[in-house]
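# Remarks on the overall topology
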Amino acid sequence: MTTPLPKAELHLHIEGTLEPELALALAARNGIDLPYGSADDLRAAYSFRDLQSFLDLYYALMAVLRTEQDFTDLAEAYLARARRQGVRHAEIFFDPQAHTARGVDLRTVVEGLGRALDSAEQRHGITTRLILCFLRDLSAEDALETLESARPYFGTLITAVGLDSAEVGNPPSKFQEVFALAREAGLHLVAHAGEEGPPEYVWEALDLLRVERIDHGIRSLEDERLVERLRRERVPLTVCPLSNVRLRCVDRLEDHPLPRMLEAGLLVTVNSDDPSYFGGYVEDNFRALTAALGLDEEQRRTLAANSFHASFLDDKQRAAYLAEVEAHRFG
Ligand code: ADE
Ligand code: ZN
């Protein structure tokens with residue numbers, strides 16, 4: 001295999017990297033009954049009508065994650081794969097409320113993930129950040145409690161907050177207060193918007209939550225004024241092509257709006273979202289896009305450079321990674 005393009009992954013739910021084999025192994029280790037006999041049985045269930053039908057399975061399978069070691073093993077498995085996909089830096093989402101609601105402490109989750117992430121640079125050559133996501137289909141009060149309970153980790157293990165889960169009917173405005181508090185605490189801010197939801201949700205994420213990046217944002221193209229704003233302010237969009245097709249936000253990869261987004265001058269990045277469920281990690285997304293849309297080498301290099309520009313890295317580290325992108329030779 002040729003050397004993959006060096007890149008940052010900025011839209012990756014760690015729970016969405018749970019491969020069927022690991023899910024079954026953790027279920028056995030923790031004495032949990034899953035209604036699937038084999039990894040193939042489980043894979044056969046990966047057919048989604050929309051975001052909600054995916055979320056139902058995604059939350060159900062999290063039942064196998066119980067101990068600190070489970071979260072360490074999950075993150076470690078991701079890091080090993082990510083390096084083979086050319087990932088040099090990963091800003092990783094996790095969904096604390098999906099675990100605390102099942103009786104798993106926040107401490108277990110964060111410290112379990114932290115054990116793998118703390119030494120990721122030495123062991124895998126990948127720098128990392130952790131982004132705490134609020135589940136937007138739960139209440140604003142629940143998000144506020146979650147923020148408070150995570151305070152001991154601010155600025156160390158947790159450096160940003162995000163917003164995910166069922167989008168339609170749960171606008172960013174619902175979370176204005178918790179995002180303001182996170183901002184006061186010095187955290188970076190991102191939010192899923194414009195995946196299934198309308199362009200208005202992207203406006204709200206920018207104006208009310210004051211986010212620095214929009215996760216997905218593909219529906220922004222429906223609003224010319226919004227495109228102009230995103231372009232002018234260089235707001236990064238973390239786009240996830242294979243996810244968009246699997247969740248039927250886009251019919252076929254050949255119809256994906258990414259080339260139009262690039263043409264419009266938007267700061268687009270390519271990411272994998274929930275790679276275990278959507279048929280590929282980040283380099284797989286690049287390859288699928290290249291095959292379906294004929295992205296040329298310069299477009300791919302631009303997308304990789306964008307991923308570092310859009311990251312929360314400091315300037316020195318960003319410059320070092322950008323030099324790697326520049327030096328990359330396509331095989
Ligand atoms: N949680 C995990 N993947 C998600 C997605 N694509 N959209 C919203 N919430 C998610
Ligand atoms: Zn996502």
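The text that follows walks through the structure, step by step, so that each part is easy to find. Not measured: the values here are computed from a predicted model.

### Focus on the coordination of the zinc ion (ligand 2)
- With distances of 2.1 to 2.2 Å, the protein atoms coordinating the zinc ion (ligand 2) are H11 (NE2), H13 (NE2), H192 (NE2) and D273 (OD).
- Coordination geometry of the zinc ion (ligand 2): the 4 donor atoms subtend angles of 84 to 175 degrees at the metal centre, consistent with an arrangement described as irregular.
- Written as a sequence motif, the donor residues of the zinc ion (ligand 2) are H-x1-H-x178-H-x80-D. Of this pair, H13 sits in strand β1 (residues 7-13) while D273 sits in the loop between β8 (267-270) and α14 (275-278); the two residues are 260 residues apart in sequence, bridging distant segments of the chain.
- Owing to a relative accessible area of 2%, D273 belongs among the buried residues under this scheme.

### Concerning the sheet that holds strand β4 (residues 158-164)
- Across the sheet, which stays open at both edges, the 8 strands sit in the order β1-β2-β3-β4-β5-β6-β7-β8 with parallel pairing between neighbours. Each of the sheet's edge strands pairs with one partner strand only, and the pair in question is β1 and β8. When strand polarity is set aside, the average angle formed by the axes of neighbouring strands in this sheet is 25 degrees.
- In this structure, strand β6 (residues 213-216) lies alongside strand β7 (residues 236-239), joined through 2 bridges in parallel fashion. Within the sheet, the bridge partner assigned to D215 lies in β7 and is T238.
- Contacts from helix α8 (residues 140-150) reach β3 (127-135) and β4 within the one sheet, and its direction differs from that of β3 by about 150 degrees.

Scoring rules and cut-offs
- Residues numbered from 1 in each chain as written.
- Chains lettered and ligands numbered in written order.
- Predicted model: local features only at pLDDT ≥ 70, side-chain atom pairs only at ≥ 80, totals over all residues.
- Heavy atoms only, no water.
- Donors = N, O, S within 2.8 Å, 3.2 Å for Na, K, Ca; no water.
- Tetrahedral: all angles 85-135°; square planar, octahedral: opposite > 155°, others 65-115°.
- Helix = DSSP H or I, 4+ residues; strand = E, 2+ residues; numbered from the N terminus.
- Buried < 20%, exposed > 50% of the residue type's maximum accessible area, 1.4 Å probe, protein only.
- Pairing = 2+ DSSP bridges.
- Axes fitted to C-alpha atoms, helices over the stretch in contact; angles between N-to-C directions.
- Contact = heavy atoms within 4.5 Å.

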